[in-house]
Amino acid sequence: MVSKSILIGPFKEILTLRGLPLYGPLNDGQLEVIPDGGVLVVGENIAAVDNFEILREENKTAEIEEVAYPMVLIPGLVDAHTHICYAGSRANDYALRVAGKTYLDIAKSGGGILSTVKHTRQATESDLIDGLKRRCDILLKNGVTTCEVKSGYGLSLEAELKMLRAINKVKIEHKIDLVPTCLAAHTKAPEFDSIADYTEYVVKEILPAVKKEGLANRADIFVEESAFSANDARIFLEAAKELGFDFTVHADQFTSIGSHLAAEFKAVSADHLEASTPKEIELLSKAKIPGVLLPGASMGLGMDYAKGRLMLDKGMSIAIASDWNPGSAPMGDLLMQAAVFGAYEKLSTAETLAAITYRAANALNLKDRGTIEVGKKAAFIAFPTNTYKDILYYQGSMKPKRVWC
Ligand code: NIG
Ligand code: FE
């Protein structure tokens, strides 16, 4: 079957983000901006990107999708870290936290992750699908065309599989592309006396079953004093590696243990990094492990941001993701969070946009998206403006007018 060609445009500007390095600082002068641009799409992929009139001349048989008013086109956003498959709400936790209780205090007294686990276990697969679809609708409207989604609110074989099956069904049914990750090692399941016993259960029962059913190619673990220790994590990461999972680590959210494990095991990314010091940054930079920074968790918990500027200056690759979850990061607005974080950390426009497009795709080990260039997936978003600089200037309040994916 021959796919039809569609020429979309003209756009005031196309910001392609092609040809840029994965690691280290970027300046805006490195950005390629195509004025009066067009994109030729064949099937699911980009076949050409150039001046719209030139493309029209060269592709006389292509169907034309003319855009009506001035717009700027950029790659679809990639949210590389979320927990948006869940049931219940943690508004009560939030109110306690803003009134002075800590995240860890609330977890210890029965709130926190385990309260979401309770609701998620009680939910049916179709309840989870409904909630996840609703959140995917919001993401897509906000320009996110690829989104990673973790399990981790089941903590039993049955409930983890239920979550991952829900994520896989929505991946098929929704326009947004979802990337499922098994986070069975999120926290100790309440039925287990020790974290060591639970780790063994995850490694022997859950990970192999997830692999067998083909529900996820990625595995994640929350390494923290209050969750999994370095020793537990070693057992988990060995097993994940053995089973052929790509793996990532919730690292250095409150204490800086996880990044050392991420470097030791060569994880595909190290996520959070709010508590990373120059020592951990040096380590991750040397090991070439991308950092996935989660300013939404800092906003939700009222805590410090990760040192994004220093990480780039030390040669790291950074992605920014929303961490959207019912507890620490309830907002879920990636562009807004990236813009505010970028202003705070003094990231250039190029650095912030790279962190939510091609550098975020790379942190998920996806090489087929994140830029507007020949051969990449046709996932891009258009903002109703004349210049790409407006996108971060409005700090996320200007939403995309059109989303193609
Ligand atoms: O990335 N830190 C652990 N996990 C999540 C929070 C999950 C929750 O609070 O429900 C995070 O912030
Ligand atoms: Fe998280």
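Here, the structure is the one placed above.
Residues numbered from 1 in each chain as written. Chains lettered and ligands numbered in written order. Predicted model: local features only at pLDDT ≥ 70, side-chain atom pairs only at ≥ 80, totals over all residues. Heavy atoms only, no water.

Undergrad: Mind showing me how you'd approach the site of ligand 1 here?
TA: Around ligand 1, a shell composed of 15 residues is seen, among which Arg90, Tyr103, Tyr153, Gln253 and Ser328 lie nearest. Expressed as a share of its isolated accessible area of 330 Å², the protein-covered part of ligand 1 is 100%. Here ligand 1 is seated within the largest cavity. For the shell around ligand 1, the residue count by class is four nonpolar, nine polar and two charged. (Near = heavy atom within 4 Å. Areas by Shrake-Rupley, 256 points an atom, 1.4 Å probe, with all protein chains shown as cover. 1 Å grid on protein atoms, 1.4 Å probe; cavity = no way out; pocket = protein on both sides within 12 Å on 5 of 7 lines; lining within 4 Å. Sits in = over half its atoms within 2 Å of the grid points. Nonpolar A, V, L, I, M, F, W, Y, C, P; charged D, E, K, R; others polar.)

Undergrad: Please explain the pattern of salt bridges as it appears in this structure.
TA: Two side chains of opposite charge can pair, provided their charged atoms sit close to one another. A complete count under the given rule lists 24 salt bridges for this structure. Between Arg18 and Glu32 there is a salt bridge, with its nearest N and O atoms 2.6 Å apart. Of this pair, Arg18 sits in the loop between β1 (5-15) and β2 (33-42) while Glu32 sits in the loop between β1 and β2, placing them 14 residues apart in sequence. Looking at Arg18, the relative accessible area reads 26%, which means it is partly exposed. For Arg218, the salt bridge is made with Glu148, and the minimal N-O distance between the two is 3.1 Å. Separated by 70 residues along the polypeptide, Arg218 in strand β9 (residues 218-222) and Glu148 in strand β7 (residues 144-150) bring together distant segments of the chain. In this structure, Arg218 and Glu148 share a single accessibility class: buried. The structure contains a network of salt bridges with shared partners spanning Glu44, Lys171, Asp177, Asp368, Arg369 and Lys377. (Salt bridge = Lys/Arg side-chain N within 4 Å of Asp/Glu carboxyl O. Helix = DSSP H or I, 4+ residues; strand = E, 2+ residues; numbered from the N terminus. Buried < 20%, exposed > 50% of the residue type's maximum accessible area, 1.4 Å probe, protein only.)

Undergrad: Please explain the coordination of the iron ion (ligand 2) as it appears in this structure.
TA: A four-donor tetrahedral metal ideally has 109.5 degree angles, and a six-donor octahedral metal ideally has angles of 90 or 180 degrees. The protein atoms that coordinate the iron ion (ligand 2) are His81 (NE2), His83 (NE2), His250 (NE2) and Asp323 (OD), at distances spanning 2.1 to 2.3 Å. We note that the donor set of the iron ion (ligand 2) lies within a single chain, spaced as H-x1-H-x166-H-x72-D. Residue His83 is located in the loop between β6 (77-79) and α2 (91-98), and its partner Asp323 is located in the loop between β13 (318-320) and α13 (334-345); the two are separated by 240 residues in the primary sequence. The two residues His83 and Asp323 agree in class, both being buried. (Donors = N, O, S within 2.8 Å, 3.2 Å for Na, K, Ca; no water.)

Undergrad: What am I meant to see in the packing of helix α6 (residues 157-173) against helix α7 (residues 195-212) here?
TA: Each pair of packed helices can be described by the angle between their axes along with the distance between the axes. Direction vectors running N to C along α6 and α7 enclose 35°, while the axes themselves pass 10 Å from each other. Pair α6 / α7 crosses with right-handed handedness. Touching Leu157, Glu160, Leu161 and Leu164 of α6 are Tyr201, Glu205, Ile206, Ala209 and Val210, all from α7. Partitioned by chemical class, the residues of the contact of α6 with α7 number seven nonpolar, no polar and two charged. (Axes fitted to C-alpha atoms, helices over the stretch in contact; angles between N-to-C directions. Left-handed = near helix turned anticlockwise from the far one by under 90°. Contact = heavy atoms within 4.5 Å.)

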